[in-house]
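Observations on chain architecture
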Amino acid sequence: MNVRVKICGITRSEDARAAWDAGADALGLNFYPRSPRYVEPGPAAALARTRPALGSVVGVFVNESPVTILARVRECGLTAVQLHGDEPPEACMGYGVPVIKALRVRGEEDVERARTYVGAGDVAALLLDGAAPGYGGGGVTFDWGLVARLTDAGVPVLVAGGLTPGNVAEAIRATRPYGVDVASGVESSPGIKDVDAVRTFIRAAKALNLGE
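What you see is a predicted model, and the numbers here were worked out from it, not measured in a lab. (Residues numbered from 1 in each chain as written. Predicted model: local features only at pLDDT ≥ 70, side-chain atom pairs only at ≥ 80, totals over all residues. Heavy atoms only, no water.)

1. A word on the pattern of salt bridges
We apply this condition: Within this document, salt bridges are pairs made up of a side-chain nitrogen of Lys or Arg and a carboxyl oxygen of Asp or Glu, the two lying within 4 Å of each other. Numbering of helices and strands runs from the N terminus, with a helix taken as a DSSP run of H or I at least four residues long and a strand as a DSSP run of E at least two residues long.
Counting across every chain of the model gives 14 salt bridges. With a shortest N-O distance of 3.0 Å, D15 and R12 are connected by a salt bridge. For R72, the salt bridge identified is with E75, shortest N-O distance 2.6 Å. Pair noted here: R72 and E75 are both in helix 3 (residues 66-76), with a separation of three residues, about one helical turn. Look at the salt bridges and you will find they share partners, linking E108, E112, R115, R149 and D152 into a network.

See below:
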């Protein structure tokens, strides 16, 4: 099984197309207004329209109102929602698309908290991220050994935080995740992707076969 790759923080159509062409499985569009990768609904809808038939476009939200999230799903053509804030399990439903719940990991207690989201609402996957200041995109790793505590959780796990073309293979070998997520690790500046880095990242991640 090849690991799925999500390129997050896309803000430009040329970066979206380059990521798809390189073999990305999903793109993330950031709807958190305080993020340097924030995109307005109009441009986000245009970015979502670059999606190939089997691709996924994930809207990333931080402590946003359900009404706003649902509106963005509808007007931007999102295929999944990523809740990257302090949302409780009961907030992970009602958007008409699968939910990825992201949690910032500092230690074992955060991994155990992730378990409380398994089976909650429309949660289809968990994303474990480094505990950077703010909510993601800070390029901070965490102890990958903690991911093993979720191998019996019965839900796909994605790993994020501080991943780069140089360490993504190591991260995959250590965690054996369903997918990996990267933003700052393939950028020349916040929101601007380095196309060569994107290609190298995806190539390195896809080169591994977790069935071996």
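2. Notes on the packing of aromatic side chains
Cut-off, in case you're wondering: Planes of paired rings set the category: under 30 degrees apart is stacked, over 60 is edge-to-face and the rest tilted, where pairs are Phe, Tyr or Trp rings (Trp by its six-membered ring) whose centres lie within 6.5 Å. Only protein chains enter the area calculation, which uses a 1.4 Å probe; residues under 20% of their type maximum are buried, those over 50% are exposed, and those in between are partly exposed. For a Lys NZ or an Arg CZ to count as sitting over a ring, it must be within 6 Å of the ring centre and within 35 degrees of the ring normal.
Taken as a whole, this structure holds one aromatic pair when the rule is applied. Measuring from centroid to centroid gives 5.1 Å for F31 and F61, while their planes differ by 10°, and the two rings are stacked. Here F31, found in the loop between strand 2 (26-30) and helix 2 (41-48), pairs with F61, found in strand 3 (residues 56-61); they are 30 residues apart in sequence, far enough to count as distant. Each member of the pair, F31 as well as F61, is classed as buried. We note K101 situated over the ring of Y117; from NZ or CZ to the ring centre the distance is 5.3 Å.

3. Notes on helix 5 (residues 168-175)
Spelled out, the test is: When we speak of the arc, we mean the arc of directions from the helix axis to the C-beta atoms. Contact between two residues is taken to exist if any of their heavy atoms lie within 4.5 Å; hydrogens are not considered.
Buried within helix 5 we find V168, A169, A171, I172 and T175. On an axial view of helix 5, the arc spanned by its buried residues comes to 160°, and they lie on one face. Those residues of helix 5 hidden inside the fold are in contact with strand 7 (157-159), strand 8 (179-182) and helix 6 (195-206). Just downstream of helix 5 lies R176, where phi reads positive at about 50°.

4. What about the packing of helix 1 (residues 13-22) against helix 6?
The line we're drawing: In this analysis, axes come from line fits to C-alpha atoms, helices being fitted only over the stretch in contact, and the angle between any two N-to-C directions falls in the range 0 to 180 degrees. Small angles under 35 degrees read as roughly parallel and large ones over 145 as roughly antiparallel, with 65 to 115 read as roughly perpendicular and the rest as oblique. By the definition used in this description, the sense in which the near helix is turned from the far one sets the handedness, with an anticlockwise turn below a right angle giving left-handed and a clockwise turn giving right-handed. As a working rule, the residues Ala, Val, Leu, Ile, Met, Phe, Trp, Tyr, Cys and Pro are called nonpolar, Asp, Glu, Lys and Arg charged, and the rest polar, with Gly in that last group.
Between helix 1 and helix 6, whose axes approach to 9 Å, the crossing angle comes to 25°. Looking at the two axes, helix 1 sits roughly parallel to helix 6. Considering how the two elements wind past one another, helix 1 and helix 6 form a crossing that is right-handed. In this structure, helix 1 contributes D15, A18, A19 and A22 to the contact, and helix 6 contributes V195, V198, R199 and I202. Here the contact of helix 1 with helix 6 is built from residues that sort into six nonpolar, no polar and two charged.

5. A look at the environment of R199
Summarising the element assignment, R199 is placed in helix 6. Here R199 falls in the partly exposed class, since its relative accessible area comes to 41%. Along the sequence, R199 and A24 sit 175 residues apart, while their C-alpha atoms lie 9.0 Å from each other.

6. Topic: the pairing of strand 8
Threshold: At least two bridges found by DSSP between two strands is the condition for calling them paired. A right-handed crossover is one whose linking path, passing over the helix from the first strand to the second, runs clockwise when the strands point away from the viewer.
Residues G179 and D181 of strand 8 are buried on one face, and the alternating residues V180 and V182, pointing to the opposite face, are buried as well. Inspection of the sheet shows strand 1 (residues 4-8) paired to strand 8 by four bridges, in the parallel sense. Opposite I7, over in strand 8, you have V182 as the bridge partner. Two strands pair when backbone bridges link them, and strand 7 and strand 8 are joined in this way by two bridges, in the parallel orientation. Of the residues in strand 8, the one forming a bridge with V159 is V180. Handedness of the crossover joining strand 7 and strand 8 through helix 5: right-handed.

7. Quick notes on the environment of N63
Applied cut-off: A 3.5 Å cut-off defines polar contacts: any pair of N or O atoms within that distance qualifies, except that in protein one atom must be a possible hydrogen donor and the other a possible acceptor, and neighbouring residues in sequence count only when both atoms are side-chain atoms.
Take N63: it is sitting in the loop between strand 3 and helix 3. With relative accessibility at 40%, the residue N63 sits in the partly exposed group. Put simply, N63 and A91 are 28 residues apart on the chain and 9.7 Å apart in space, counted from C-alpha to C-alpha. A polar contact of 2.6 Å, which involves the side chain of N63, links it to the backbone nitrogen of D86.

8. As for the state of the cysteines
Here is the rule: Criterion for a disulfide: a pair of cysteine sulfur atoms within 2.5 Å.
This model, assessed by the stated rule, comprises zero disulfides. For the unlinked cysteine C76, the closest cysteine sulfur is that of C8, found at 14 Å. Since its relative accessible area comes to 3%, C76 is described here as buried. Lacking any disulfide linkage, C92 is separated from the closest cysteine sulfur, that of C8, by 17 Å.

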